[in-house]
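# Summary of the model geometry
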Amino acid sequence: MAKVLVIEDERDLQQVLTYNLRQAGYEALSAERGVEGLRLARAEAPDLVLLDLMLPDLAGTEVCRSLKEDAATRGIPVVMLTARGEEIDRVVGFELGADDYIVKPFSVRELLLRIQAILRRAATPSDRPPAEGAIEFGCLRIDREAHRVWVEEHEIELTALEFRLLVTLYERRNRVQTRSALLDDVWGIQADITTRTVDTHVKRLREKLEGARDYVETVRGVGYRFKGSPDEASV
Ligand code: CA
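Keep in mind that what you see is a predicted model, and the values were worked out from it rather than measured. Within each chain, residues carry numbers counting from 1 in the order of the written sequence. Only residues with pLDDT of 70 or above have their local features reported here, since the model is predicted, and side-chain atom pairs are shown and tallied only from 80 upward, although totals for entire chains, interfaces and linings are computed over all residues. For the side-chain quantities, the full set of heavy atoms in the structure was used; hydrogens and water were omitted.

## Quick word on the pattern of salt bridges
Close approach of charged atoms lets side chains of opposite charge pair. By definition here, a salt bridge exists when the distance from a side-chain nitrogen of Lys or Arg to a carboxyl oxygen of Asp or Glu is within 4 Å. Per the counting criterion, the structure on display carries 20 salt bridges. The residue Arg74 makes a salt bridge to Glu157 at a minimum N-O spacing of 3.1 Å. Of this pair, Arg74 sits in the loop between helix H3 (60–69) and strand E4 (78–83) while Glu157 sits in the loop between strand E9 (154–156) and helix H6 (160–171); the two residues are 83 residues apart in sequence, bridging distant segments of the chain. Partly exposed residues are those whose accessible area sits between 20% and 50% of the maximum for their type, while under 20% is buried and over 50% is exposed, using a 1.4 Å probe and protein chains only. On the accessibility criterion, Glu157 (42% relative accessible area) is partly exposed. In this structure, Glu153 and Arg141 form a salt bridge, with 3.8 Å as the shortest nitrogen-oxygen distance. Of this pair, Glu153 sits in the loop between strand E8 (148–151) and E9 while Arg141 is found in strand E7 (residues 140–143), placing the two residues 12 residues apart along the sequence. Taken together, the salt bridges that share partners define one network made up of Glu8, Glu10, Asp52 and Lys104. Every helix listed is a DSSP run of H or I at least four residues long, and every strand listed is a run of E at least two residues long, numbered separately from the N terminus.

Structure representation (structure tokens):
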């Protein structure tokens, strides 16, 4: 049974969420404050965290940052719950490694579908088709099973979403991927996620890829393309 930690200080909403999660077959834990939420995340190793942006003690962005900085909790997908008009915070939330966000008021059904999609993507390697071993492309090395990436023998830290984005681009190398195709295939559910989100993530992924950043090219007005070979000249 997948375990979901809800960090939300509005008691009514927290109860609605935990109730519906349990009805849907999840184990639900809850915290009203960021500090308590972080403690539970470390102690209970949930499969997913639902994180409100406005908490009484710590901002949700701070909680997200702490989760992503700690090796013990880094791999846990985080879904941000935000109120309308928090556009900047949304982007910041993604840059901090949140895997998805949902705008309040939201339908519980939609939230459950998103949770389901994220947990499916984060499924353990044993649930996936066998990996084709490690990928080597120029100075880039990807271990699909272990979800680890190296650039020139130096390991880089990617969020679950960035890793999926990189692998998706790599698997379709030499072919242009439109932003909407990437939204479909990497994010899974289009809902209120915009194509700008794709740009934000590709930018962040490129920054992290350091010496391998040029393997991911922008095709102006269309989308992105992973090079066909490491030595290929840039377009
Ligand atoms: Ca709140």
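The discussion continues.
## Considerations on the environment of Leu209
Mapped onto the elements of the fold, Leu209 is located in helix H8 (residues 195–209). Along the backbone, Leu209 and Ile156 are 53 residues apart, and their C-alpha atoms lie at a distance of 7.3 Å. The contact rule is simple, with two residues in contact once any of their heavy atoms fall within 4.5 Å. Filtering out sequence-adjacent residues up to four positions away, Leu209 remains in contact with Leu140, Val151, Ile156, Leu166 and Val216.

## Examining the sheet that holds E8
Think of a sheet as strands paired side by side through backbone hydrogen bonds, with each pair either parallel or antiparallel. Only strands joined by at least two bridges in the DSSP assignment are considered to pair. Reading across from one edge, E6-E7-E8-E9 is the order of the four strands in this open sheet, with antiparallel pairing throughout. What marks the edges here is a single partner per strand, and that holds for strand E6 (135–137) and E9. Along the sheet, successive strands turn relative to each other by an average axial angle of 25°, direction set aside. Of the strand pairs in this sheet, E7 and E8 are connected by four bridges, and their pairing is antiparallel. Each bridged residue has a counterpart across the sheet, and for Leu140 the counterpart in E8 is Val151. Orientation is described by axes fitted as lines to C-alpha atoms, over the contacting stretch for helices, and by angles from 0 to 180 degrees between their N-to-C directions.

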